[in-house]
Amino acid sequence: MDDAERRRKIRDFTFDRCKRGNQGFERILLQLFGYVGHGKSSLINTVMCVWYNSRYKNCANAAGTDESHTTERLTYAVNKKIIMVDNRGCSSMNTYETGEIFAQLGNLLPLDMSVGWSKGFELVDRIVEAEPYVKASDFIIPIFVYSVRHSPTPELKNELRGIFETARQLTMVVPTVVLTHMNHPNYTEVENMFRDIGTETFFALENYTEENPRRIRETDESVIQFLYEVINDAYFRADHRRDADQEMIDRKLFVLNYIHNRELMIQKINLERQRNVEKIRIAKDHRLKQEEEEKQRQKCQKLHRERMERLQQEFERQRLQAQYEHEERMRQLGNKKGKNNYKK
Ligand SMILES: Nc1nc2c(ncn2[C@@H]2O[C@H](COP(=O)(O)OP(=O)(O)OP(=O)(O)O)[C@@H](O)[C@H]2O)c(=O)[nH]1
Ligand SMILES: [Mg+2]
């Protein structure tokens, strides 16, 4: 199949063509997620530029630097039926951020609005408030965007394994991975890491960027292939029995449950931390008390020693005095005796 044929299939995509009809689905939502600065917005720019066969334009507001840039969940339409969502990137997948990520990924937060990061149960309120704005008819395809420039580590692999497993439970599909900066030497190592954690579908490309806006055949073909695979995946998955409304309810329950468990875990960690602080405080108090007692003991010992020395000195003084007086008496007695003998 050539590129033109693929383009036609992408353009004509509709859930109405599925064996069981649309089952309540209207459009594909390509949910881009991942770490800050890994190329989500640039991927959208690249797809738009290739799909509309136009010059490179920074329509998704990709960053000029690697700092966190996108703070809204903005949508970009390939056409009416295929929508790309530029979700807010996370700096690390810590416990607070994962709640947000899954709420975005499950399409439980409004599109085309600013995305905050909530602490505690605030996120639950935001999900409830978003109910009138989110659509069950959006068919979610999770796309994890990762820049090959970032070397894998065992901690990262562990973190991603957890994220991918939760994303799979939430969306019922293992996220597709798009590797950006594909010409970087880390490529094979990064791909192996994702294979190890169960990724089956990969796409790799060098995004078009401000620095590298010149279109090349390899990238253009990759983009069309990517969109073509996405629609095939959607057709395949929508051929099974589905219920768009029920799936939305299930996703909501899953994320609310996730937030609940996350809060319990955070409270447990905080409690444990407080307990440790208390333990350290008690141990410190005990040590200080012992040190104080030791100081008092040494002080008493010193006082006792000094008193004993004084007593000893006094005793010695009195002994010498008594001895002197005794000798004096003896001497006087001796003198008297001498005088008497002389008189005789
Ligand atoms: N060379 C090269 N640069 C890229 C590629 N993809 C993205 N970049 C650059 O990487 C930087 C970050 O890209 P963004 O697309 O803004 O990243 P993001 O994931 O949208 O970031 P946030 O919105 O902050 O989450 C920008 O300077 C891009 O020009 C790529 O494939 N190759
Ligand atoms: Mg961005």
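Computed from a predicted structure; not experimentally measured.

### Examining the overall build of the chain
Check the secondary structure of the chain and you find 8 helices and 6 strands. Compactness check: the chain gives a C-alpha radius of gyration of 41 Å against a globular reference of 20 Å for 344 residues, more than 25% above the reference. With the principal axes as the frame, the chain shows a C-alpha extent of 160 × 45 × 35 Å. Of all 344 residues assigned to the chain, the portion counted as buried reaches 29%.

### Let's talk about the confidence of the model for the chain
Chain-level statistics for the chain give a pLDDT mean of 91 and a share of 94% at 70 or above. When the elements of the chain are averaged for pLDDT, helix α3 (residues 95-105) gives the smallest value, 81, and strand β5 (residues 176-180) the largest, 97.

### A short note on the nonpolar core
Counting 64 residues, the largest nonpolar core has Ile 28, Leu 30, Leu 32, Val 47, Ile 141, Leu 227 and Val 230 as the members making the most contacts within it. Broken down by element, the residue count for this core peaks at 8 residues, all from helix α7 (residues 217-238). Residues within four places of Val 230 in sequence aside, it is in contact with Ile 28, Leu 30 and Ile 141.

### Here we look at the environment of Ala 77
Inspection of the secondary structure puts Ala 77 in strand β2 (residues 74-79). Taking the C-alpha atoms as reference, Ala 77 lies 10.0 Å from Leu 30; in sequence the two are 47 residues apart.

### What about the packing of helix α1 (residues 3-11) against α7?
At a closest axis distance of 9 Å, the pairing of α1 and α7 adopts a crossing angle of 40°. Considered as vectors, α1 and α7 are oriented oblique to each other. With respect to the hand of their crossing, α1 and α7 are arranged in left-handed fashion. On the side of α1, the interface is formed by Asp 3, Arg 6, Arg 7, Lys 9 and Ile 10, while α7 contributes Glu 221, Ile 224, Leu 227, Tyr 228 and Ile 231. Per-class residue counts for the contact of α1 with α7 are 5 nonpolar, no polar and 5 charged.

### Topic: α7
Here α7 spans 32 Å end to end across 22 residues, near enough to the 32 Å set by a 1.5 Å rise per residue. The inward-facing, buried residues of α7 abut α1, β1 (27-33), α2 (40-51), β2, β4 (138-147) and β6 (202-204).

### Quick look at the pairing of β2
Relative to strand β3 (residues 82-86), β2 runs antiparallel, the two sharing 5 bridges. Following the sheet pairing, Tyr 76 is matched in β3 by Met 84.

### Quick notes on the sheet that holds β1
With respect to topology, 6 strands assemble into an open sheet ordered β2-β3-β1-β4-β5-β6, the strand pairing being mixed. Both outer strands of the open sheet, β2 and β6, are each paired with one neighbouring strand and no more. Neighbour-to-neighbour, the strand axes of the sheet open up by a mean angle of 25°, direction not taken into account. Two strands pair when backbone bridges link them, and β1 and β4 are joined in this way by 7 bridges, in the parallel orientation.

Conventions used here
Residues numbered from 1 in each chain as written. Chains lettered and ligands numbered in written order. Predicted model: local features only at pLDDT ≥ 70, side-chain atom pairs only at ≥ 80, totals over all residues. Helix = DSSP H or I, 4+ residues; strand = E, 2+ residues; numbered from the N terminus. Rg over C-alpha atoms; globule rule 2.2 N^0.38 Å. Buried ≥ 20, exposed ≤ 12 C-beta atoms within 10 Å, placed from the backbone. pLDDT = per-residue confidence, 0-100. Core = buried A, V, L, I, M, F, W, Y, C linked by C-beta atoms within 7 Å. Contact = placed C-beta atoms within 7 Å. Axes fitted to C-alpha atoms, helices over the stretch in contact; angles between N-to-C directions. Parallel < 35°, antiparallel > 145°, perpendicular 65-115°, else oblique. Left-handed = near helix turned anticlockwise from the far one by under 90°. Nonpolar A, V, L, I, M, F, W, Y, C, P; charged D, E, K, R; others polar. Expected span 1.5 Å × (residues − 1). Pairing = 2+ DSSP bridges.

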